[in-house]
Amino acid sequence: MLCRGTFQASNAVIGDHNQCSKRIFNSNSISIGCRKSFITSSSSSSSVGARSGPVLAVATNETKSKQVAYEPSLADRLRLGTMSEDGMSYKEKFIVRCYEVGINKTVTVETIANLLQEVGCNHAQSVGFSTDGFATTHTMRKLHLIWVTARLYIEIYKYPAWSDVVEIETWCQSEGRIGTRRDWILKDCATGEVIGRATSKWLMMNQDTRRLQKVTDEVRDELSNYFPKELRLAFPEENNGSLKKIAKLEDPAEHSKLGLVPRRADLDMNQHVNNVTYIGWVLESMPQEIIDTHELETITIDYRRECQHDDVVDSLTSVEPIEEADALEIQGANGSCTASKDVNKSFLHLLRLSSDGLEINRCRTEWRKKPARI
């Protein structure tokens, strides 16, 4: 349930009066039937291409749907993706390409976000949801319902380098009465080490009225076939970073990059800015001295408003104010800062429209010292 663009929800409220984003989907007359039932019980982790083909339910004017066999595509056969034995999660392996690494010779956070997006779309297709990759069920398309991104949180422990192989596992589950969540675990295939985790929140919206809507029982029944039977969280810890509220960045910002304009390559198939592009814009206003000495550890982004091809965007960044409890933690007995904690590693960010100052999204990042090169 990962979409690539955001639209304004004029009457939607997310959390702290957030305006959520939306993507328009075309209603399809063909929906892929549940592939789960076609996974043989003797296969513990068969690939998408190796599974028997699912059945397509083709909508007709008749009461009954015509059942036709589905042949896996070439992409299905070549993709390094597998469903779990119980059908509750999906894993896929990716080789890091040379064009996916940055100045540190490791992957960028944009690369990681793109991989999360890719594996989420492939998971949706592998269980028989919309073939456009956006995870709408047959009932959702019939009722003109869509998923909209509310929040994305990524935590990175170790950045993969060129030619490394990364395995990403993903799964979905219910999140309240009007939403769902998608979680991810990233592992280094060579060592099995967990190198990152991520989670996201999604809300359901009527694409015609642009209002949030509760997940209907019919849609929830379609989805629940692929939800873990017991709650499973990528971040099970209490008070974990994914739950932290993003404070509003107050003007004047300490750092800014003004007049950012979407390139053609930043637009998705619906002519709206790709969600991952926002991450790049956020980092454009980071102070260079932090970029030179630190690497991104966590990023939280709340999506609030659409951005289109002719919009001009301002990126603002300031050091996050230290809360009183944190200040006491880093102070010595005489009031001086004696702890090793890096008090300047947390930043607040704001993307806004240059024309009227309206928020596109707000973001929070944490940074750690770069590891010494071997």
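Residues numbered from 1 in each chain as written. Predicted model: local features only at pLDDT ≥ 70, side-chain atom pairs only at ≥ 80, totals over all residues. Heavy atoms only, no water.

**A closer look at the packing of helix α2 (residues 109–126) against helix α5 (residues 275–284)**
For clarity, the threshold we go by: Axis definition: a line fitted to C-alpha atoms, limited for helices to the stretch in contact. Angles are taken between N-to-C directions and run from 0 to 180 degrees. A run of H or I in DSSP counts as a helix once it spans at least four residues, and a run of E counts as a strand once it spans at least two, with each numbered from the N terminus. Any angle from 65 to 115 degrees is called roughly perpendicular, while one under 35 is roughly parallel, one over 145 is roughly antiparallel, and all others are oblique. Crossings are assigned a handedness: left-handed for a near helix turned anticlockwise from the far helix by less than a right angle, right-handed for a clockwise turn. Residue contacts are defined here by distance: any two heavy atoms, one from each residue, within 4.5 Å place the two residues in contact. Lys, Arg, Asp and Glu make up the charged group, whereas Ala, Val, Leu, Ile, Met, Phe, Trp, Tyr, Cys and Pro make up the nonpolar group; the residues left over, Gly among them, are polar.
The contact between α2 and α5 brings their axes to 9 Å, and the two run at 165°. Judged by the angle between their axes, α2 and α5 are roughly antiparallel. Between α2 and α5 the crossing geometry is right-handed. Contacts from Val109, Glu110, Ala113 and Asn114 of α2 reach α5 at Val276, Ile279, Gly280 and Leu283. Taken together, the residues of the contact of α2 with α5 sort by class into five nonpolar, two polar and one charged.

**Description of the environment of serine 84**
Using the following cut-off: By the criterion applied in these results, polar contacts are pairs of N or O atoms within 3.5 Å in which, for protein atoms, one can donate a hydrogen and the other can accept it, and in which residues neighboring in sequence qualify only through two side-chain atoms.
Within the secondary structure layout, serine 84 lies in the loop between β4 (81–83) and β5 (90–95). Sequence spacing of serine 84 and glutamate 169 is 85 residues, and the spatial spacing of their C-alpha atoms is 9.4 Å. A distance of 2.6 Å separates a polar atom in the side chain of serine 84 from a polar atom in the side chain of aspartate 86. Reaching out from serine 84, the side chain makes a polar contact with the backbone nitrogen of methionine 88 at a distance of 3.1 Å.

**Focus: the confidence of the model for the chain**
Basically, it comes down to this: Every residue is assigned a pLDDT by the predictor, reflecting its confidence on a scale from 0 to 100.
Of all residues in the chain, 73% attain a pLDDT of 70 or more, and the chain-wide mean is 78. Predicted confidence is poor over residues 1–68, with pLDDT under 50, and the contacts of this stretch with residues over four places away or in other chains come to 200 contacts.

**Quick word on α5**
Test applied: Summary of the burial criterion: residues with accessible area below 20% of their type's maximum are buried, those above 50% are exposed, and those between are partly exposed, where the area comes from a 1.4 Å probe applied to protein chains only.
Most of α5 is tucked away, with nine of its ten residues classed as buried. Taken residue by residue, α5 has Asn275, Val276, Thr277, Tyr278, Ile279, Gly280, Trp281, Val282 and Leu283 as its buried positions. A distance of 2.8 Å separates the backbone nitrogen of valine 276 from a side-chain oxygen at the start of α5, and that oxygen is part of asparagine 274.

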